[in-house]
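# Results of the structural survey
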Amino acid sequence: MDLILQGIIKAFHLIVSFDPEVISITWLSLKISGTATLISLFVGVSVGVAVALNDFFGKRLVISIINTGMGLPPVVVGLFVTIMIWRSGPFGFLEILYTPYAMIIAQAVIATPIVMGISLAAIQNLPPNLRLQILSLGASRLQMVWVLVKESRLPLLAAVMAGFGGVISEIGASIMVGGNIKGYTRVLTTATVMETGKGNFDLAIALAIILLLLAFTINFLLTQIQQRQQSR
Amino acid sequence: MKQSPLLSAENLVVKRGKVTVLNVDELKVFTGRTLALIGPNGAGKSTLLLTLAGLLPMVSGKIYFQSRQVSSFSDLVMLRRNAAVVFQEPLLLNMSVEKNVAVGLKFRNLSRAQIKNSVDEALAYFGIEQLAKRAAKTLSGGESKRVSLARAFAIKPKIILLDEAFNSLDPPTREAIIDDLQNILQKTKITAVLALHDREETLRLAHDVAVMSEGKIIQQGTTAQVFHQPINEYIANFVGTEVILEGVVKKSEAGLMEVAVSGHIIEAVGDFKTGQKVCCCLRPENITVSKTVPEKISARNVFKGKVLKAARQAYFYKLTLDCGFVISAYITIPSFDELNICEGDTLAVSFKATAVHVIKR
């Protein structure tokens with residue numbers, strides 16, 4: 001019991017005193033997962049919309065693959081990305097293994113199918129005649145797509161939340177491709193694992209609380225936007 | 001009427017999967033006129049409408065817009081920009097009413113002032129200025145319908161295509177919206193194609209009618225032609241067995257109107273304004289004939305008519321009479337025999353003012 005209490009008190013202290021190491025780890029987590037989410041938003045929405053709006057042979061297979069991708073195990077992604085950027089791998093020349101870039105790539109690979117699957121479903125859920133209605137009002141194809149994306153902004157926000165929530169709390173891929181290098185690739189999840197392993201429960205608890213707060217804050221903000229849109 | 005059509009189609013074939021859902025030899029829509037597409041559900045009315053608007057791919061066929069064949073993609077865009085479709089469901093976007101109405105104008109990259117002007121004008125057409133700032137999804141069914149109509153009219157299309165636009169509205173709302181639409185079509189002279197399945201709506205709104213069945217157009221002509229000479233049972237049922245007489249309200253007082261029909265005055269209940277063009281609908285079973293002009297009779301309308309034709313039906317005779325306008329009457333076989341009616345006889349024809357169903361034109 002004492003251990004937990006001690007841990008929480010120390011954690012609280014670390015947070016309110018703006019401990020430089022805690023701050024830098026948090027900031028790095030935000031940067032990496034934020035960038036990965038942005039990339040996944042861009043790729044996921046484009047591909048999701050393209051698949052939703054076009055009829056082609058094998059469309060169902062593609063949708064099944066995307067949906068499977070929504071539950072991609074991070075360690076599998078970690079393994080795959082590691083192989084690709086391994087010194088002798090196809091992208092080894094980039095020399096980005098154990099850098100934040102590798103982590104961004106791995107996290108983007110995890111988040112993209114989530115965003116893609118949700119935006120695909122969102123566009124498919126719009127009334128089938130809406131596309132024709134928009135075209136008949138004189139829209140170019142690009143204008144039509146833009147109106148449809150705007151029209152599904154609520155589920156798209158949910159996609160961002162799901163994507164970001166997925167990658168900020170992910171550990172497997174981050175530790176495999178990032179390596180948990182202090183001050184370089186150490187993020188909240190990898191640091192928590194390490195500190196727990198070392199028995200530094202106070203620091204581990206502090207990091208865990210920050211991780212929770214971070215996830216909560218981001219989701220709270222997005223929920224605010226979503227609900228305001230909803231009630232408008 | 002020998003002008004060239006605004007929009008026409010030749011040999012249109014549209015398939016869904018392997019099934020041919022549309023096979024139209026010829027259709028012409030003339031400038032300033034309203035064409036009604038009528039026919040049972042699944043006859044291909046919506047498909048034809050969307051194909052004419054350039055929204056559905058066709059297997060073969062030609063569409064001409066302003067005498068120019070729509071062949072290239074830019075022709076198609078041109079057609080789409082000049083044709084506005086209003087769907088059965090309102091399909092409003094999740095934004096305010098004025099933004100919804102402005103959508104089509106924004107696609108055209110017009111200036112803010114131009115957009116504002118056109119939006120205000122379109123809202124005024126349908127009497128919904130007060131809804132401008134409301135969120136579209138808070139609207140009632142009738143309000144949504146008005147917004148979707150305003151949105152289509154806002155882009156000032158050359159032709160407007162309405163797909164069963166009045167379905168799922170309660171009768172008073174429906175009536176009010178049809179009134180507005182009728183006024184706007186008359187005022188703006190915009191060419192219109194309407195998929196309808198109500199005879200009264202067709203009579204009120206359409207100059208021309210194309211009857212569809214199983215993806216084909218089986219009869220086409222002016223509303224009067226199609227209604228007077230239905231070519232098959234479906235159309236006969238659709239238009240009803242009624243006699244339809246076109247006229248103009250000459251006097252309207254205390255719920256009783258005098259309608260001038262081919263130089264005769266028919267009295268009917270109703271309170272339309274003087275000068276209103278109307279159709280008087282009469283059911284043959286509501287018409288009484290007698291050898292002499294009846295005296296002290298409650299029926300407000302008594303005419304002399306010549307029997308053009310007496311046709312025996314299963315249980316009654318159908319008389320076609322010329323009273324200066326042609327009407328039909330059903331009389332029982334005993335009455336027919338007792339009155340000893342022959343073709344060429346002159347009879348007194350009477351019907352009540354309440355038996356006349358008056359429809360605005």
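Being a predicted model, the structure only gives us computed values, none of them experimental. (Residues numbered from 1 in each chain as written. Chains lettered and ligands numbered in written order. Predicted model: local features only at pLDDT ≥ 70, side-chain atom pairs only at ≥ 80, totals over all residues.)

## Remarks on the overall build of chain B
Quick reminder of the rule: Put simply, DSSP marks the helices as runs of H or I at least four residues long and the strands as runs of E at least two long, and each gets a number from the N terminus on. As a rule, residues whose C-beta atom has 12 or fewer other C-beta atoms within 10 Å are exposed, those with 20 or more are buried, and those in between are partly exposed; C-beta atoms are placed from the backbone. For every residue pair, C-beta atoms are placed from the backbone, and the pair is scored as a contact if these atoms sit within 7 Å.
In terms of regular secondary structure, chain B is built from ten helices and 20 strands. With the C-alpha coordinates of chain B rotated into their principal frame, the extents come out at 75 × 50 × 35 Å. When burial is assessed residue by residue, chain B has 39% of its 361 residues classed as buried. Nonlocal contacts in chain B, meaning residues at least 24 apart in sequence, comprise 66% of its contacts between residues at least 6 apart.

## Topic: the sheet that holds strand S20 (residues 357-360) of chain B
Residue and element names in this part refer to chain B. Going by this rule: For two strands to be treated as a pair, DSSP must find no fewer than two bridges joining them. Note on method: axes are straight lines fitted to C-alpha atoms, helices fitted across the in-contact stretch only, with angles between N-to-C directions ranging 0 to 180 degrees.
If you trace the five strands from one edge of the open sheet to the other, you get S13-S12-S11-S14-S20, paired in antiparallel fashion. Because the sheet does not close on itself, it has two edges, and the strands there are strand S13 (264-269) and S20. In this sheet, neighbouring strand axes are inclined to one another by 45° on average, regardless of whether the strands run parallel or antiparallel.

## Re the nonpolar core
In plain terms, the rule: The term nonpolar core means buried Ala, Val, Leu, Ile, Met, Phe, Trp, Tyr and Cys residues held together as one set by C-beta atoms within 7 Å.
Ranked by internal contacts, the top residues of the largest apolar core, which has 138 residues, are Leu37(B) and Ala150(B). Looking at which element gives the most residues to this core, the answer is helix H5 (residues 100-124) of chain A, with 16 residues. Discounting chain neighbours no more than four positions away, the residues touching Ala150(B) are Val101(B), Ala122(B), Leu123(B), Tyr125(B), Phe126(B) and Ile128(B).

## What about unusual backbone geometry?
Phi is positive for Gln66(B), which is not a glycine, with a value near 50°. Tracing the backbone shows Gln66(B) in the loop between strand S4 (60-65) and strand S5 (68-69).

## Re the domain arrangement of chain B
All names here are of chain B. Counted only if it meets this: Note that the domain bounds reflect an automated or database-derived domain assignment. The classification used treats Ala, Val, Leu, Ile, Met, Phe, Trp, Tyr, Cys and Pro as nonpolar, Asp, Glu, Lys and Arg as charged, and all other residues, Gly among them, as polar.
Along its sequence, chain B is carved into domain 1 (7-240) and domain 2 (244-360). One C-alpha centre belongs to domain 1, the other to domain 2; they are set 36 Å apart. With four residues of domain 1 at the contact, the number on the domain 2 side is four residues. Here the element with the most residues in the side of domain 1 that touches domain 2 is helix H7 (residues 199-205); it accounts for three residues. Along the lines of polarity and charge, the residues of the side of domain 1 that touches domain 2 split into two nonpolar, no polar and two charged.

## Some points on the pairing of strand S12 (residues 256-261) of chain B
Residues and elements named next belong to chain B. Pairing between strand S11 (residues 243-253) and S12: five bridges, direction antiparallel. Counted as the bridge partner of Ser252 is Met257 from S12. Between S11 and S12, which follow one another and run antiparallel, lie two residues, and Ala254 among them has a positive phi close to 45°. Sheet topology note: the S12/S13 ladder contains six bridges and is antiparallel. By the bridge assignment, Met257 is partnered in S13 with Ala268. What sits between the antiparallel neighbours S12 and S13 is a turn of two residues, in which Ser262 has the positive phi angle 45°.

## Here we look at the interface of chain A and chain B
Listed by partner, the interface residues are 14 residues for chain A and 20 residues for chain B. Elements that contribute at least two residues to the side of chain A that touches chain B include exactly helix H6 (130-136) and helix H7 (141-151) of chain A. Sorting elements by how many residues they give to the side of chain A that touches chain B places H6(A) first, with five residues. Residues that form the side of chain A that touches chain B fall into these classes: seven nonpolar, five polar and two charged.

## Some points on the packing of helix H3 (residues 59-69) of chain A against H5(A)
All names here are of chain A. Note the following rule: Orientation labels follow simple angle bins: below 35 degrees gives roughly parallel, above 145 gives roughly antiparallel, 65 to 115 gives roughly perpendicular, and whatever is left gives oblique. The sense of a crossing depends on the near helix, which, turned anticlockwise from the far helix by less than a right angle, makes the crossing left-handed and, turned clockwise, makes it right-handed.
It is the contact of H3 with H5, at a shortest axis distance of 8 Å, that shows an interaxial angle of 130°. On the basis of their axis angle, the class for H3 and H5 is oblique. Of the two possible hands of crossing, H3 and H5 adopt the one that is left-handed. Residues Ile63, Ile66, Asn67 and Gly69 of H3 form the contact with H5, whose own contacting residues are Pro113, Met116, Gly117 and Leu120. Class assignment of the residues belonging to the contact of H3 with H5 gives a composition of five nonpolar, three polar and no charged.

## Observations regarding helix H1 (residues 2-16) of chain A
The periodicity of an α-helix, 3.6 residues per turn, causes residues three or four places apart in sequence to face the same way. Quick note on the threshold: By definition here, a helix of n residues has an expected span of 1.5 Å times n minus one.
Taking 1.5 Å as the rise per residue, H1(A) with 15 residues should run 21 Å; its terminal C-alpha atoms sit 21 Å apart, in good agreement. Immediately downstream of H1(A), the backbone of Phe18(A) shows phi near 50°, a positive value.

## Comments concerning the sheet that holds strand S7 (residues 159-163) of chain B
Residue and element names in this part refer to chain B. Spatially, the six strands line up as an open sheet ordered S6-S7-S8-S3-S9-S10, and their pairing is mixed. Each end of this open sheet is capped by a strand with a single partner; those strands are strand S6 (83-86) and strand S10 (216-222). Here the strands of the sheet are splayed against their neighbours by 15° on average, with no regard to which way each runs. In this sheet, strand S8 (residues 191-196) lies alongside strand S3 (residues 34-38) in parallel orientation, the contact comprising five bridges. Across the sheet, Ala36 pairs through a bridge with Leu194, a residue of S8.

## Quick look at the confidence of the model for chain B
Close inspection of predicted coordinates is inappropriate in any region flagged by low pLDDT. Using the following cut-off: For every residue, the pLDDT score states the predictor's confidence, bounded by 0 at the bottom and 100 at the top.
When pLDDT is averaged along chain B, the result is 90; 99% of the residues meet or exceed 70. With pTM at 0.79, the complex prediction returns an ipTM value of 0.79.

## So, the packing of helix H2 (residues 20-53) of chain A against helix H8 (residues 153-168) of chain A
Residues and elements named next belong to chain A. One way to put it is that H2 packs onto H8 with a least axis distance of 9 Å and a crossing angle of 140°. Judged on the interaxial angle alone, H8 and H2 are oblique. With respect to the hand of their crossing, H2 and H8 are arranged in right-handed fashion. Across from Ser29, Ser33, Ala36, Thr37, Ser40, Leu41, Gly44 and Val45 in H2, the residues of H8 making contact are Leu156, Ala159, Val160, Gly163, Phe164, Val167 and Ile168.

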